[in-house]
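# Structure at a glance
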Amino acid sequence: MQPDITSPEAPAELEAPDDVALADRLKAGGEQILTELHKLIIGQDATINQALLTLFVGGNSLIVGVPGLAKTLLIQTMAQVLDLRFSRIQFTPDLMPSDITGTDIIQDDPETGGRKMVFAPGPVFTNILLADEINRTPPKTQSALLEAMQEHRVTVQGRTYPLEEPFYVFATQNPIELEGTYPLPEAQLDRFMFHIVIDHPPLDEEMEVVRTTTVVQDPDFRHAVTGADLVRFQNLVRKVPVSEAVLRYTLDLVRTTRVKEPNPPDFVQKWVAYGASVRAAQYLILGGKARAIMEGRYHVSFDDIRALSHPVLRHRILLNFHAESEGVTSDQIVDKLLDAVPEPASRM
């Protein structure tokens, strides 16, 4: 009998004792971070879990929600819990690229009595950078983050400066106030691992938010995970095995979003202008690996891929004017996609 090559458990799970021990530490660390965050953040479990996956994979995420839903507070608190350096940039129409990356300034040299150019680092030189309302600044300034997000370095006046690891960018957007905004270009959107959507909490959670935020709060955070741990977790995640079946299912999901693929579904032909990029499949797999470890497994399942399809794909599927006129959203496209793409059939 041949092995079931379409099983999500094949190939073998993590085997090295050090890797298994580190995986257990990642799972326990994730649970501890969640506990610490809930000392200040009420509810929002799905949002927090996606933010944690971003940390463990080493990606960047875009957080979209109306004002007052603790987008900024969540990222700032996460930096406190992890004891990492935190910088916040309030994006405005007059913000310049050098306001983000830093610039060379002239300083007196006490040794020579002359002057010299010295690099003054910008707020991007941190561990967790919050780009608040990133769509309020022109594309030239938005693009200043591209190199930092992708390469973890910045280039100023022809000189390249590496950023300290770990390094993450969390950007926020307000979805209802569009006047005077500059929509992020597709190339920059594609660099965000997740498009995280925060909605209003249910009544009981909102009541608890109002109750706890109208009294004195001074939480004492326990630093259960360090920056060095996060770097090790990122390396571990890439060691988690993925079966051919899960890999094929992931690629089928992503490739089905593309109009130019052979025989795309009717809803893709009707509503999609451009489908998801290769990064979509990469982030689905990486996110699935991190999610598997957080749930105590050492292999990626079909459920991991399905669970992350909306935050990974919603900003990578560009809709056409037919979809916009009919009020169709990218989330609805992903719903149809999950119904249309089957798991690979088992073969014995």
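The text that follows walks through the structure, step by step, so that each part is easy to find.

The rules behind each value
Counting restarts for each chain: residues are numbered from 1 in the order of the written sequence. Thresholds applied to this predicted model are a pLDDT of at least 70 for local features of residues and 80 or more for the giving and counting of side-chain atom pairs; totals over whole chains, interfaces and linings are not thresholded and use all residues. Values shown for side chains rest on all heavy atoms present in the structure; no hydrogens or waters enter the calculation. Only runs of H or I of at least four residues qualify as helices and only runs of E of at least two qualify as strands under DSSP, and these elements are numbered from the N terminus. The globule rule is 2.2 Å times the number of residues to the power 0.38, and the radius of gyration it is compared with is taken over C-alpha atoms. Contact criterion: two residues are considered in contact whenever any of their non-hydrogen atoms come within 4.5 Å of each other. Each accessible area value is a Shrake-Rupley result obtained with a 1.4 Å probe; residue values ignore everything except the protein chains displayed when judging cover. Counting rule applied: Lys, Arg positive; Asp, Glu negative; His and chain ends not counted. To locate a charge, take atom NZ for lysine, CZ for arginine, CG for aspartate or CD for glutamate. Every case where a carboxyl oxygen of Asp or Glu lies within 4 Å of a side-chain nitrogen of Lys or Arg is listed as a salt bridge. Here the term buried applies to any residue with accessible area under 20% of the maximum for its type, exposed to any over 50%, and partly exposed to those in between, with areas from a 1.4 Å probe on protein chains only. Only when DSSP finds a minimum of two bridges between them are two strands counted as paired. Axis lines are fitted through C-alpha atoms, for helices just across the contact stretch, and the angle between N-to-C directions can take any value from 0 to 180 degrees. Should the near helix be turned anticlockwise from the far one by less than a right angle, the crossing is left-handed, and should it be turned clockwise, the crossing is right-handed. Side-chain classes are defined by residue name, with Ala, Val, Leu, Ile, Met, Phe, Trp, Tyr, Cys and Pro counting as nonpolar, Asp, Glu, Lys and Arg as charged, and the others, Gly among them, as polar. Take the number of residues in a helix, subtract one, and multiply by 1.5 Å to get its expected span. A pair of aromatic rings is counted whenever rings of Phe, Tyr or Trp (Trp by its six-membered ring) have centres within 6.5 Å, and the orientation is called stacked for planes under 30 degrees apart, edge-to-face for over 60 and tilted otherwise. Working rule for angles: under 35 degrees goes down as roughly parallel, over 145 as roughly antiparallel, 65 to 115 as roughly perpendicular, anything else as oblique.

### Focus on the overall build of the protein
Scanning the protein from terminus to terminus reveals 15 helices and eleven strands. A compact globule built from 348 residues should have a C-alpha radius of gyration of about 20 Å, and the protein, at 22 Å, falls within 12% of that. In the protein, the share of contacts with a sequence separation of at least 24, taken over all contacts with a separation of at least 6, comes to 78%. Working note: accessible area of the protein is about 17,100 Å², and carbon and sulfur atoms make up 52% of it. Looking at the protein, you have 32 positive and 48 negative side-chain charges, and the mean spots of the two groups are 4 Å apart.

### Description of the side chain of Gln32
Considering the arrangement of structural elements, one finds Gln32 in helix H1 (residues 17-37). Among all residues touching Gln32, those that are not within four sequence positions of it are Arg222 and Ala224.

### A look at the pattern of salt bridges
Inspection of the entire model under this criterion finds 21 salt bridges. With a closest N to O distance of 3.4 Å, Arg136 and Glu133 form a salt bridge. Here Arg136 falls in the buried class, since its relative accessible area comes to 14%. Salt-bridge contacts for Glu208 lead to Arg211; the nearest nitrogen and oxygen are separated by 2.6 Å. Of the two residues, Glu208 and Arg211 are both situated in helix H8 (residues 203-213); the distance of three residues between them amounts to about one turn of the helix. Assessed through its relative accessible area of 29%, Glu208 is described here as partly exposed. For Arg211, a relative accessible area of 46% translates into the label partly exposed.

### As for the pairing of strand E4 (residues 115-121)
Looking along a regular strand, one sees the side chains alternate between the two faces of the sheet. Judged from the seven bridges that link them, strand E3 (residues 102-108) and E4 form a sheet pairing that is antiparallel. Residue pairing in the sheet places Ile105 in a bridge with Val118 of E4.

### Notes on the packing of helix H13 (residues 302-313) against helix H15 (residues 330-340)
To characterise two packed helices, one gives the angle between the axes of the helices and the distance between these axes. Here H13 crosses H15 at 150 degrees, and the two axes come no closer than 9 Å. Of the two possible hands of crossing, H13 and H15 adopt the one that is right-handed. Two secondary-structure elements touch here, H13 through Arg306, Ser309, His310 and Leu313 and H15 through Asp331, Val334, Asp335, Leu337 and Leu338. Residue composition of the contact of H13 with H15, grouped by class: four nonpolar, two polar and three charged.

### Notes on helix H2 (residues 45-57)
In an α-helix, one full turn covers 3.6 residues, which means residues spaced three or four apart are oriented alike. Compared with the 18 Å implied by 1.5 Å per residue over 13 residues, the 18 Å span of H2 between its first and last C-alpha is a close match. Among the 13 residues of H2, ten are classified as buried, and the element is accordingly described as predominantly covered.

### As for the packing of aromatic side chains
Counted by the stated rule, this structure contains four aromatic pairs. The interplanar angle of 90 degrees and the centroid separation of 5.6 Å between the aromatic rings of Phe56 and Phe233 together place this pair among those described as edge-to-face. Of this pair, Phe56 sits in helix H2 while Phe233 sits in helix H9 (residues 227-237), placing them 177 residues apart in sequence. Looking at Phe56, the relative accessible area reads 0%, which means it is buried. Ring geometry for Phe119 and Tyr161: centres 4.0 Å apart, planes at 10 degrees, overall stacked. Residue Phe119 is found in strand E4, and its partner Tyr161 is found in strand E7 (residues 159-162); the two are separated by 42 residues along the sequence.

### Remarks on the side chain of Ser87
Looking at the secondary structure, you find Ser87 in strand E2 (residues 86-90). For Ser87, a relative accessible area of 15% puts it in the buried group. For Ser87, the residues in contact, after removing those within four places along its chain, are Pro123, Thr126, Ile128, Leu129 and Leu130.

### Re the packing of H2 against H9
Put simply, H2 and H9 touch, their axes get as near as 7 Å, and they point 85 degrees apart. Here H2 is positioned roughly perpendicular relative to H9, judged by the angle of their axes. Two secondary-structure elements touch here, H2 through Leu55, Phe56 and Val57 and H9 through Leu230, Phe233, Gln234 and Val237. Looking at the contact of H2 with H9, its residues break down into six nonpolar, one polar and no charged.

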